[in-house]
Amino acid sequence: MIPRLFIFLCCLLTSCLVFGLPENLPVPGGIAIVEIEDAGAKFISRNSRVMTLREQEQSFAIVGIPLSADPGTHKLKVGNRTREFVVQPKRYREQHLTIKNDRQVNPYQQDLERIANERAEMDEVFTSFDVNVATFTEFQLPVDGPISSPFGLKRFLNEQPRSPHSGLDIAVDEGVAIKATAPGIVAVTGNYFFNGNTVLVDHGQGLISMYCHMSRIDVALGNKVDSDDILGAVGQTGRVTGPHLHWSVSLNNVRVDPNLFLGSRDSD
């Protein structure tokens, strides 16, 4: 008989789909699915509480791994105990973009306060952990179209290095309806300096989806939405080179590859 520990480690070191959970891909920007004894315990990773789920009489911690994470052994804390998981290396491609409005690359001094306030408003949602919202981890694409910028790209804007791309850019025409990727509660709506018209949806236990650069927003703060409910329409507001939807997913305050929640869709 193959030892249970060996099976568990193999699952962590390779990309696999565990039951109805997201894809297990423990790399920077990916997800580690760690088998645990008690889904009701409070697990912590990088000072953020971690989602726990129970599937087919087994319990798992679903850990978002930041793009900045170093390969090697990482720790998951529960009380005074720790669980370890291994993050494998992954290299992402580069992308060079030209932004005509240089102010969107190098904001003016008067823009910085607005940007800081907007970041604080979004961070309040990204750092939240609502156990009263039913948790949904099986997502669908919010619009159908080609991926113009995959997750994790090392970005250079006007030849200046910027943060890696933290979501998927889906190239579709302005005005195309944007659907909620899964059931949840609208946690933020607003018009932001970089993101343009933006909606954040809380799917429970620190799992948040974000939709940016919208031409219009059709939902309000606190609205309950289901899969296929219309959130608004594709646009080109904020820092863009053309109409598209930027869609990202945050898990335990870490932006992770949205493909890992799409089941059969391959991650880049």
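The structure contained in this document is the topic of the report that follows. As the structure is a prediction and not an experimental result, all values here were calculated from the model. (Residues numbered from 1 in each chain as written. Predicted model: local features only at pLDDT ≥ 70, side-chain atom pairs only at ≥ 80, totals over all residues. Heavy atoms only, no water.)

### Digging into the overall build of the protein
Phase 1: Along the protein, the regular secondary structure elements total two helices and 22 strands.
Phase 2: Each of the 268 residues in the protein was classed as buried or not, and the buried ones make up 49%.
Phase 3: Sequence-distant contacts, at least 24 apart, represent 65% of the contacts inside the protein between residues at least 6 apart.
Phase 4: Here the protein displays about 13000 Å² of accessible surface, and carbon together with sulfur accounts for 48% of that area. (Helix = DSSP H or I, 4+ residues; strand = E, 2+ residues; numbered from the N terminus. Buried < 20%, exposed > 50% of the residue type's maximum accessible area, 1.4 Å probe, protein only. Contact = heavy atoms within 4.5 Å. Areas by Shrake-Rupley, 256 points an atom, 1.4 Å probe, with all protein chains shown as cover.)

### Some words on the nonpolar core
Phase 1: The biggest cluster of nonpolar side chains holds 39 residues, and the ones touching the most others in it are Ile62, Tyr211, Leu231 and Trp247.
Phase 2: The dominant element in this core, judged by the number of residues it contributes, is strand E21 (residues 245–251), at four residues.
Phase 3: Excluding its chain neighbours within four sequence positions, the residues that come into contact with tryptophan 247 are Phe139, Gln140, Leu141, Pro142, Gly167, Leu168, Thr181, Ser209, Met210, Tyr211, Pro258 and Leu262.
Phase 4: Of all hydrophobic cores here, the second largest spans 14 residues; its members include Ala41, Ile65, Ala69 and Val87. (Core = buried A, V, L, I, M, F, W, Y, C linked by side-chain atoms within 4.5 Å.)

### Structural notes on the side chain of serine 250
Phase 1: With respect to the helices and strands, the residue serine 250 is situated in strand E21.
Phase 2: For serine 250, a relative accessible area of 1% gives the class buried.
Phase 3: Side-chain polar atoms of serine 250 contact the side chain of arginine 255, separated by 2.8 Å.
Phase 4: Residues in contact with serine 250, not counting those within four places in the same chain, are Phe126, Gly206, Leu207, Ile208 and Arg255. (Polar contact = N/O pair within 3.5 Å; in protein donor to acceptor, adjacent residues only side chain to side chain.)

### A word on unusual backbone geometry
Phase 1: Of note, the phi angle at asparagine 252 is positive, near 45 degrees, even though the residue is not glycine.
Phase 2: Counting through the fold element by element, asparagine 252 comes out in the loop between E21 and strand E22 (254–256).
Phase 3: Looking at asparagine 252, the relative accessible area reads 5%, which means it is buried.
Phase 4: Non-glycine residue asparagine 253 carries a positive phi angle of around 60 degrees.

### Let's talk about the packing of aromatic side chains
Phase 1: Counted according to the given criterion, the structure contains three aromatic pairs.
Phase 2: Arranged with centres 6.1 Å apart and planes meeting at 80 degrees, the rings of tyrosine 92 and phenylalanine 151 form a pair that is edge-to-face. Residue tyrosine 92 is found in the loop between strand E9 (81–87) and strand E10 (94–97), and its partner phenylalanine 151 is found in the loop between strand E11 (147–149) and strand E12 (154–157); the two are separated by 59 residues along the sequence. Like tyrosine 92, the residue phenylalanine 151 is buried in the burial classification.
Phase 3: Ring geometry for phenylalanine 139 against phenylalanine 261: centres 5.0 Å apart, planes inclined by 25 degrees, an arrangement best described as stacked. Taken together, the residues phenylalanine 139 in the loop between helix H2 (109–126) and E11 and phenylalanine 261 in the segment after E22 connect sequence positions 122 residues apart.
Phase 4: The exposure class assigned to phenylalanine 139 is buried, which follows from its relative accessible area of 9%.
Phase 5: Among the residues examined, phenylalanine 261 registers a relative accessible area of 3% and is labelled buried. (Phe/Tyr/Trp six-rings, centres within 6.5 Å; stacked < 30°, edge-to-face > 60°.)

### Description of the pattern of salt bridges
Phase 1: Tallying each qualifying case throughout the model produces four salt bridges.
Phase 2: Among the salt bridges present, the one from glutamate 37 reaches arginine 83, with a minimum N-O distance of 3.6 Å. Of this pair, glutamate 37 sits in the loop between strand E3 (31–36) and strand E4 (43–45) while arginine 83 sits in strand E9, placing them 46 residues apart in sequence.
Phase 3: In this structure, aspartate 218 engages arginine 216 in a salt bridge whose closest nitrogen and oxygen atoms are separated by 3.0 Å. (Salt bridge = Lys/Arg side-chain N within 4 Å of Asp/Glu carboxyl O.)

### Section: H2
Phase 1: Taking 1.5 Å per residue, 18 residues should reach 26 Å; H2 reaches 26 Å between its end C-alpha atoms and fits that length.
Phase 2: Against strand E16 (184–192), strand E17 (196–202), strand E18 (207–217), E21 and E22 lie the buried residues of H2. (Expected span 1.5 Å × (residues − 1).)

### Remarks on the sheet that holds strand E6 (residues 51–55)
Phase 1: Taken together, the three strands give an open sheet; going across it, the order is E3-E7-E6, and neighbouring strands pair in antiparallel fashion. Strands with a single pairing partner mark the edges of an open sheet, and in this sheet they are E3 and E6. Strand-to-strand twist in this sheet, taken as the mean axis angle between neighbours without regard to direction, amounts to 30 degrees.
Phase 2: Bridge analysis of E6 against strand E7 (residues 58–64) gives five bridges, and the strand direction is antiparallel. Residue pairing in the sheet places methionine 51 in a bridge with isoleucine 62 of E7. (Pairing = 2+ DSSP bridges. Axes fitted to C-alpha atoms, helices over the stretch in contact; angles between N-to-C directions.)

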